[in-house]
Amino acid sequence: MHGLRLAVVGACVLVLGALAARPACADASGTAPGAPAGAAEVDWTRAQPYDVMLTEFHFAPSRIVLRQGEPYALRLENAGRFRHTFTAPEFFRTVAFRPGGAGTPAEESGGSLSIAAGEVEEIDLVPLQAGTFSLECSKPLHGFFGMTGEIVVQ
Ligand SMILES: [Cu+2]
């Protein structure tokens, strides 16, 4: 992504140098650095599957590593005997959900998905902001017993 953006800016500088200011560069210069691509522009057919298993009492993997700007089909499977939650409000605030996809429960719940034993939730999303976000199960004592993790967006 960065390489492409630099290339576009570089091309604009060349055009500017040769022809003076042209409206052709308005798009590139008008885009704030690091501005997320709109969810509408995302090619969801390229969404990479990413499986996370919830059991007593941990997430597997407990460190989820995603790339900023890439679409993912996050598949959360509760393979345990109890209900668990995938609670990561800071993370969910920085993603774009697939329009019409299953992101709505994550949005409406304030970033905490409750998943019954044996159930699977699939969410298509694009992480828009790099950083490390905490993940936990909000059920009483589950975090204490080790049901925590982190989501790293690179
Ligand atoms: Cu739990």
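Since the model is a prediction, treat every value here as computed from it, not as a measurement.

> In this structure, what is going on with the pattern of salt bridges? I would like to understand it.
Overall, the coordinates contain six salt bridges when judged by the stated rule. With a closest N to O distance of 3.8 Å, glutamate 70 and arginine 46 form a salt bridge. Note that glutamate 70 is positioned in the loop between β3 (63-66) and β4 (72-78) and arginine 46 in the loop between α2 (26-30) and β1 (48-55), a separation of 24 residues in sequence. Measuring nitrogen to oxygen at the nearest pair gives 3.5 Å for the salt bridge that ties glutamate 77 to arginine 75. On the basis of relative accessibility, which here comes to 25%, the residue glutamate 77 falls in the partly exposed class.

> Which parts of the structure should I look at to understand the coordination of the copper ion?
Four donors placed tetrahedrally about a metal ideally form angles of 109.5 degrees, and six donors placed octahedrally ideally form angles of 90 or 180 degrees. The protein atoms donating to the copper ion are His84 (ND1), Cys137 (SG), His142 (ND1) and Met147 (SD), with metal-donor distances spanning 2.0 to 2.7 Å. Of note is the copper ion, whose four donor atoms meet at the metal with angles of 87 to 135 degrees in an arrangement that counts as tetrahedral. Mapped onto the polypeptide sequence, the residues donating to the copper ion form the spacing pattern H-x52-C-x4-H-x4-M. Histidine 142 sits in the buried class, given a relative accessible area of 9%. With a relative accessible area of 0%, methionine 147 lands in the buried category.

> What is the right way to read the sheet that holds strand β6 (residues 95-97) from this model?
Each strand in a sheet pairs with its neighbour through backbone hydrogen bonds, running either in the same direction (parallel) or in the opposite one (antiparallel). Pairing within the open sheet is mixed, and its five strands lie in the order β2-β1-β4-β8-β6. Two strands lie at the open edges of the sheet, namely β2 (58-60) and β6, each paired on one side alone. Here the strands of the sheet are splayed against their neighbours by 35 degrees on average, with no regard to which way each runs. Pairing of β4 with strand β8 (residues 120-127) involves six bridges; the strand directions are antiparallel. Looking across to β8, one finds that leucine 76 is bridged to glutamate 121.

> Is there a simple way to explain the environment of arginine 83 in this structure?
Mapped onto the elements, arginine 83 comes out in the loop between β4 and β5 (84-87). Here the alpha-carbon distance between arginine 83 and cysteine 137, two residues 54 residues apart in the chain, equals 9.6 Å. In contact with arginine 83, not counting residues within four places along its chain, are Asn78, Ser114, Ile115, Ala116, Ala117, Lys139 and His142. Within polar-contact distance, the side chain of arginine 83 engages the side chain of serine 114 at 2.8 Å.

> How should unusual backbone geometry be read in this particular structure?
In most cases, non-glycine residues show a negative phi, while peptide bonds are predominantly trans. Omega for the peptide link from glutamate 56 to phenylalanine 57 comes to -10 degrees, which places this bond in the cis form. Tracing the sequence through the fold places phenylalanine 57 in the loop between β1 and β2.

> Can you help me understand the environment of valine 65 in this one?
Considering the arrangement of structural elements, one finds valine 65 in strand β3. Residue class for valine 65 comes out partly exposed when judged on its relative accessible area of 28%. On a C-alpha basis, the gap between valine 65 and valine 153 in space is 6.0 Å, while along the polypeptide they are 88 residues apart. Beyond its immediate chain neighbours, meaning those up to four positions away, valine 65 contacts Tyr50, Val152 and Gln154.

> Would you mind showing me how to read the packing of aromatic side chains here?
The way to describe two aromatic rings as a pair is by their centre distance and the angle between their planes. What the rule picks out here adds up to nine aromatic pairs. Relative to phenylalanine 86, the ring of phenylalanine 59 has its centre 5.9 Å away and its plane inclined at 90 degrees; by these criteria the two rings are edge-to-face. Of the two residues, phenylalanine 59 is situated in strand β2 and phenylalanine 86 in strand β5; the sequence distance between them amounts to 27 residues. Residues phenylalanine 59 and phenylalanine 86 agree in their burial class; the two are buried. Joined through ring pairs, the aromatic side chains of Phe59, Phe86, Phe91, Phe92, Phe97 and Phe133 make up one cluster. Stacked on the ring of phenylalanine 82, the Lys or Arg arginine 81 has its end atom at 5.1 Å from the ring centre.

Cut-offs used in this document
Think of each chain on its own: its residues are numbered from 1, step by step along the sequence as written. Predicted model: local features are reported for residues with pLDDT of at least 70 only, side-chain atom pairs are reported and counted for 80 or more only, and whole-chain, interface and lining totals are derived from all residues. Calculated side-chain values reflect all of the structure's heavy atoms, with hydrogen atoms and water omitted. Each salt bridge in this description consists of a side-chain nitrogen of Lys or Arg and a carboxyl oxygen of Asp or Glu lying within 4 Å of one another. Here a helix means four or more residues in a row that DSSP labels H or I, a strand means two or more in a row labelled E, and each is numbered from the N terminus. Accessibility here uses a 1.4 Å probe with only protein chains present; expressed as a share of the type maximum, an area under 20% marks a residue as buried, one over 50% as exposed, and anything in between as partly exposed. The donor set comprises N, O and S atoms within 2.8 Å of the metal, extended to 3.2 Å for Na, K and Ca; water molecules are omitted, so apparent gaps in a site may simply reflect that omission. Note on geometry labels: four donors, all angles 85 to 135 degrees, give tetrahedral; four donors become square planar and six octahedral when opposite donors are over 155 degrees apart and every other angle is between 65 and 115; remaining cases are irregular. Strand pairing follows a simple DSSP-based rule, namely that at least 2 bridges must link the two strands. Axis definition: a line fitted to C-alpha atoms, limited for helices to the stretch in contact. Angles are taken between N-to-C directions and run from 0 to 180 degrees. Pairs of residues are marked as contacts when any of their non-hydrogen atoms sit within 4.5 Å. Think of a polar contact as two N or O atoms within 3.5 Å of one another; within protein, one of them needs to be a possible hydrogen donor and the other a possible acceptor, and neighboring residues in sequence only count if both atoms come from side chains. In this scheme Phe, Tyr and Trp rings, the latter by its six-membered ring, pair at centre separations within 6.5 Å, and the angle between planes marks the pair as stacked below 30 degrees, edge-to-face above 60, and tilted otherwise. Two conditions define a charge located above a ring, namely a distance within 6 Å from the ring centre to NZ of Lys or CZ of Arg, and an angle within 35 degrees of the ring normal.

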